[in-house]
Amino acid sequence: MMNLDEMLAYNEQFVSDKEYQAYQTDGLPNKRTVIFSCMDTRLLELLPKALNLKNGDVKMVKNAGAVIRDPFDSTMKSILVAIYNLQAEQVMVIGHHDCGMSKMDVPALEDKMKDRGVSEDTLATLSHSGIDLEEEFRGFRSVEESVEQSAEIIRNHPLLPEGVKVHGLAIDPETGKLDLVTRDK
Ligand SMILES: [Zn+2]
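Quick notes on the rules
The residue numbering used here restarts from 1 in each chain and proceeds along that chain's sequence as written. Where local features are concerned, this predicted model is filtered to residues with pLDDT of at least 70; where side-chain atom pairs are given and counted, the filter is 80 or more; whole-chain, interface and lining totals use all residues. The side-chain values count all of the structure's non-hydrogen atoms but skip hydrogen atoms and water molecules. Helix and strand assignments come from DSSP, with helices taken as H or I runs of at least 4 residues and strands as E runs of at least 2, each series counted from the N terminus. Burial status follows relative accessibility: with a 1.4 Å probe on protein chains alone, a residue under 20% of its type maximum counts as buried, one over 50% as exposed, and anything between as partly exposed. Residue contacts are defined here by distance: any two heavy atoms, one from each residue, within 4.5 Å place the two residues in contact. We score Asp and Glu as negative and Lys and Arg as positive, and we do not count His or the chain ends. Each charge is placed at NZ for Lys, CZ for Arg, CG for Asp and CD for Glu. Where each domain begins and ends follows an automated or database-derived domain assignment. Two N or O atoms count as a polar contact when they lie within 3.5 Å, although within protein this holds only if one can serve as hydrogen donor and the other as acceptor, and sequence-adjacent residues are included solely when both atoms are side-chain atoms. Being paired, for any two strands, means DSSP has found at least two bridges between them. Axis definition: a line fitted to C-alpha atoms, over the contacting stretch in the case of helices. Angles run 0 to 180 degrees between N-to-C directions. Arc definition: it is the arc formed by the directions from the helix axis to the C-beta atoms. The term nonpolar core refers to a set of buried residues drawn from Ala, Val, Leu, Ile, Met, Phe, Trp, Tyr and Cys, joined through side-chain atoms within 4.5 Å.

Here we look at the overall build of the chain
- Secondary structure assignment for the chain yields 7 helices and 5 strands.
- Its C-alpha atoms give the chain principal-axis dimensions of roughly 50 × 50 × 35 Å.
- Among the 185 residues that make up the chain, the fraction classed as buried is 32%.
- Taking contacts inside the chain between residues at least 6 apart in sequence as the whole, the part at least 24 apart equals 75%.
- Across the chain, 21 positive and 32 negative side-chain charges occur, with their mean positions spaced 7 Å apart.

Considering the domain arrangement of the chain
- Domains assigned within the chain are domain 1 (33-104 + 141-185) and domain 2 (106-138).
- In this structure, domain 1 and domain 2 have C-alpha centres spaced 28 Å apart.

Considering the side chain of Thr182
- Relative to the assigned elements, Thr182 resides in strand β5 (residues 178-182).
- Separated by 2.7 Å, the side chains of Thr182 and Arg155 make a polar contact.
- Not counting chain neighbours up to four residues away, the residues in contact with Thr182 comprise Glu148, Ala151, Arg155, Val166, His167 and Gly168.

Structural notes on the sheet that holds strand β4 (residues 165-171)
- The strand order across the open sheet built from 5 strands is β2-β1-β3-β4-β5, with neighbouring strands paired in mixed fashion. Whereas interior strands pair on both sides, the edge strands pair on one side only; in this sheet they are β2 (58-63) and β5. Ignoring which end each strand starts from, the neighbouring axes of this sheet average 25 degrees apart.
- Direction of pairing for strand β1 (residues 33-38) relative to β2: parallel, over a ladder of 6 bridges. Residue pairing across strands places Thr33 opposite Val58, the latter belonging to β2.
- The strands touched by helix α2 (residues 43-50) are β1, β2, β3 (90-96) and β4; relative to β1, the strand with the most contacts, the crossing angle is about 145 degrees.
- The strands touched by helix α3 (residues 74-86) within the sheet are β1, β2 and β3, with β2 carrying the most contacts at an inclination of about 170 degrees.

A closer look at α3
- Within α3 the residues assigned to the buried category are Thr75, Met76, Ile79, Leu80, Ala82 and Ile83. Seen end-on, α3 carries its buried residues on one side only, within an arc spanning 155 degrees. Pointing more than 90 degrees away from the buried face of α3 are the exposed residues Ser74, Tyr84 and Asn85.
- Of the surrounding secondary structure, the elements contacted by the buried residues of α3 are β1, β2, β3 and α7 (143-155).

Digging into the nonpolar core
- Counting 34 residues, the largest nonpolar core has Ile79 and Ile154 as the members making the most contacts within it.
- Among the elements that make up this core, the one with the highest residue count is α3 (5 residues).
- Those residues in contact with Ile154, other than ones at most four positions away along the chain, are Ile68, Met76, Ile79, Val91, Val93, Leu160 and Val166.

Okay, here's the thing in structure tokens:
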């Protein structure tokens with residue numbers, strides 16, 4: 001696990017050596033783009049490198065699987081803020097092959113929760129409040145289908161202004177190769 005004290009010590013050095021100077025920019029995306037992708041560790045550096053992105057170029061929003069299911073979830077709100085307040089003019093949904101969310105086993109996840117101390121009572125209370133874990137955590141079978149679905153939710157959003165393009169792609173987490181899934185007209 002990452003050690004907090006080591007992290008703080010490294011950071012102090014980083015700042016005192018002024019290493020931040022190479023990354024200084026403002027809060028607006030130079031490429032007027034929001035990228036919505038997956039939190040997969042393999043994409044941490046690979047995705048920006050494979051797309052020639054530097055600090056300051058884009059707004060980056062991530063979650064598990066690059067999945068939007070609910071038009072008013074936190075991802076969609078981030079995208080709208082990027083468009084209205086931060087001058088983004090297009091959205092790229094970038095899912096990836098071999099995504100953990102394509103192998104999601106919700107009953108197994110629920111078992112892990114129980115193993116780590118979440119009680120049957122808690123699960124029953126959630127269930128009675130209308131929280132369906134199967135629905136909340138369900139993954140997808142095809143990354144293309146999932147990207148298409150997320151892109152459609154963004155495109156059809158009632159608060160999306162005219163003229164914002166929403167494209168969908170899938171990236172290979174080994175090679176960084178991009179496949180176009182859906183291009184906005
Ligand atoms: Zn993923």
